[in-house]
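Fold and contact review
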Amino acid sequence: MAAANYLPSEDQFLCSVCLDVFTDPVTTPCGHNFCKNCITEHWNISDRCQCPLCKEIFTTRPELRVNALLSEMVSQFRQSAQQKSSSSSSEQQESQPGEVPCDVCTGTRLKALKSCLVCLVSYCETHLEPHLTMSGLKRHQLIEPVENLEGRMCTKHDKPLELFCQTDQTCVCMLCPVLDHNTHTFVPLKEEYEGKKVELEKTEAEIQQMIQKRRLKIQEVKRIVALSEEDADREKAEGVQVFTDLKESVERKLNELIDTIEEKQRATKKQAEDSIKELEQEISELRKRSNEVEKLFLSEDHLHLLQSFQSLNIHLPPPAKDWTKVSVPPASYEGTVRSAVVQLEETLSQKMKHLFAVAELKRVQKFAVDVTLDPDTAHSSLILSDDGKQVRTGKIRKRCLLDNPERFSLTSCVLGTQHFSSEHFYFEIQVKRKSEWDLGVARESIDRKGYVTVSPQNGYWIICLRNVKEYTAADDPSVLLSLKSRPRKVGVFVDYEEGLVSFYDVEAAALIYSFTDCSFEEKLFPFLSAGIHYGGTNSAPLIITPVGVN
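As the structure is a prediction and not an experimental result, all values here were calculated from the model.

Rules of the game
- Residues numbered from 1 in each chain as written.
- Predicted model: local features only at pLDDT ≥ 70, side-chain atom pairs only at ≥ 80, totals over all residues.
- Heavy atoms only, no water.
- Disulfide = S-S within 2.5 Å.
- Buried < 20%, exposed > 50% of the residue type's maximum accessible area, 1.4 Å probe, protein only.
- Pairing = 2+ DSSP bridges.
- Helix = DSSP H or I, 4+ residues; strand = E, 2+ residues; numbered from the N terminus.
- Axes fitted to C-alpha atoms, helices over the stretch in contact; angles between N-to-C directions.
- Patch = residues over 30% accessible without salt bridge, like charges linked within 9 Å, V, L, I, M, F, W, Y side chains within 5 Å.
- Areas by Shrake-Rupley, 256 points an atom, 1.4 Å probe, with all protein chains shown as cover.
- Salt bridge = Lys/Arg side-chain N within 4 Å of Asp/Glu carboxyl O.
- Core = buried A, V, L, I, M, F, W, Y, C linked by side-chain atoms within 4.5 Å.
- Contact = heavy atoms within 4.5 Å.
- Lys, Arg positive; Asp, Glu negative; His and termini not counted.
- Parallel < 35°, antiparallel > 145°, perpendicular 65-115°, else oblique.
- Left-handed = near helix turned anticlockwise from the far one by under 90°.
- Nonpolar A, V, L, I, M, F, W, Y, C, P; charged D, E, K, R; others polar.
- Phe/Tyr/Trp six-rings, centres within 6.5 Å; stacked < 30°, edge-to-face > 60°.

**Some words on the state of the cysteines**
Evaluated as defined, the whole model comprises zero disulfides. Lacking any disulfide linkage, C18 is separated from the closest cysteine sulfur, that of C38, by 3.8 Å. The thiol sulfur of C119 is not disulfide-bonded, and the nearest other cysteine sulfur, from C116, lies at 3.5 Å. A relative accessible area of 27% places C119 in the partly exposed class.

Take a look at the structure:
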């Protein structure tokens, strides 16, 4: 009962000689199973009895008997396979428009599962069964279902297209080389197929590479758009801020103008009010005196009039100011608006200069490069950080350093590892808490073994700090720089082609100095000097900082 319900896979019932399901299965002494006819014919044509699988040799030809149990299992497997085939046939789908139909079906044509390149017929699952079970048909080449199998036949000789003419680059039948292409070169379709597959793989790889390049280009374009949007947002924000500042400046100046005019008006009004008040007081006094005079004038008492007349001091002038010399001139506003406009122009001009300076600094900062210091060029008194971004002057010179042609021997200088010989470059150096320093760029051929005399003629384009607050540009001749504030970070910009070296106060966004009309014919290196130690007062380091980081 257990054997009847057990349904093993087809591989367990395939003969290794004919590759088909066992027919009259027999077992050799070594334990392997074969079709009786297959193993018999194999031994008949062989000079010795040997197992086709394990190669065991038998000295005498074994007597073979059908394996009854295996034969019964094979029979059950065949029945099960047929039932499964019948069941699956009922579940097959009818061919739909655009699908390849079975060429064998009559009536309702089912969807083809495979096409045979030998039979030139497309089969549904049911009609494909012989190609899967019969040894002769199993050697046929099956492909995914295709239409127009007739197109795989030679139209001239009505034979399958099995060869490829490399001369004419066309598929031909077996008769074409004999009758029509007798001087041409031919290969089997499979061989040409493999060659074309290699070409297609190469083409596909090239296409994928092109796709990848274009995807990278898309990413680049998207990144540019994103950066552009960021720049646009930043510019809009800065524009809003700038125009808001300008608007506030105008409004502030307008308010100051109105306040000035109103203050003048208030002063004029107060002067007038004070004069009117004083006049009204004098009028009140005069009216009082007038009343007394009039009262005395109307009196008919001789004695009273004469006695009172003296007390009135009638001959004395009344105590009043000479108002003929007093005036209240109207407030003068002439020039007030013009003066306010001039002040506004000066304010806006200063703001515009600052904005232009900020824009210029941002422009050159786009050419930022990564700079590190070269320890092989550093003077023995200098101490460099491990990352090559900082340099400071030590108390004593290091005696263990090797003297090489690149090292400065007498002055505390160091060059950058990177050199530049074209286009633009920019870097920033923190100089705060320093009382002395030199920085800029120098050409490759400068003398590093003697005392350094910095000037463009000697290959140096630098600015210097001495005595805490004395800034100079080492030009020909040297230029004393007047700075509004002490720079805490200095930016160095070089336009190699234009012959320009510019220095910026980064925090103030102000141009410090520019060397113009320079002639660069060699590699340029960043140049730094941390100055003398001065007992620790100048021990702070010069620091090469990332651009845009405060």
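**Thoughts on the sheet that holds strand β8 (residues 163-165)**
Pairing between sheet strands relies on hydrogen bonds along the backbone, with the strands arranged either parallel or antiparallel. Taken together, three strands build an open sheet; the order of strands is β9-β8-β10 and the sheet is antiparallel. The two strands at the open ends of the sheet, each matched to only one other strand, are β9 (170-172) and β10 (186-188). Adjacent strand axes in the sheet meet at a mean angle of 35 degrees when their direction is disregarded. Where β8 meets β9, three bridges bridge the pair, whose relative direction is antiparallel. If you follow F164 over to β9, its bridge partner there is C171.

**Quick look at a nonpolar patch on the surface**
Taken together, the side chains of L175, V178 and L179 present a nonpolar region at the surface, about 280 Å² in accessible area. Tracing the chain through its elements places L179 in helix α5 (residues 176-179).

**Some details on the nonpolar core**
With 36 residues, the main nonpolar core has I429, W437, L439, I463 and F503 as its most contacted residues. Excluding residues that lie within four positions of it along the chain, L439 makes contacts with I429, V431, W461, I462, I463, V490, V492, F503, F527 and L528. Judged by nonpolar contacts, the second largest core, of 18 residues, contains F13, I39, W43 and F77.

**Digging into the side chain of D20**
Inspection of the secondary structure puts D20 in the loop between α1 (2-5) and β1 (25-27). Comment: no salt bridge for buried D20; closest opposite-charge side chain is K138, at 4.9 Å. Excluding residues within four positions of it along the chain, D20 makes contact with F13, L14, C15, T133, M134, S135 and K138.

**Considering the packing of helix α6 (residues 189-297) against helix α7 (residues 302-312)**
The packing of two helices is summarised by the inter-axis angle and the distance between the axes. At a minimum axis separation of 10 Å, α6 and α7 run at an interaxial angle of 160 degrees. What the angle tells us is that α6 and α7 run roughly antiparallel. Crossing handedness for the pair α6 and α7: left-handed. Residues R289, E292 and L296 of α6 pack against H304, L305, S308, F309 and L312 of α7. In terms of residue class, the contact of α6 with α7 is made up of four nonpolar, two polar and two charged.

**A short note on the sheet that holds strand β7 (residues 142-143)**
The strand order β6-β5-β7 describes an open sheet built from three strands, whose pairing is antiparallel. On the outer flanks of this sheet lie β6 (121-123) and β7, each paired with one strand and no other. As defined by bridge partners, strand β5 (residues 114-116) adjoins β7 across two bridges and the pair is classed as antiparallel. Paired with C116 across the bridge in β7 is L142.

**As for the packing of aromatic side chains**
Applying the stated criterion to the full structure yields eleven aromatic pairs. Ring plane angle 15 degrees and centroid distance 4.1 Å describe the contact between F420 and F425, whose orientation is recorded as stacked. Per residue, the accessibility class of F420 equals that of F425, and both read buried. The interplanar angle of 80 degrees and the centroid separation of 5.1 Å between the aromatic rings of W461 and F520 together place this pair among those described as edge-to-face. Of the two residues, W461 sits in strand β16 (residues 460-466) while F520 sits in the loop between β21 (510-515) and β22 (524-529), which places them 59 residues apart along the sequence.

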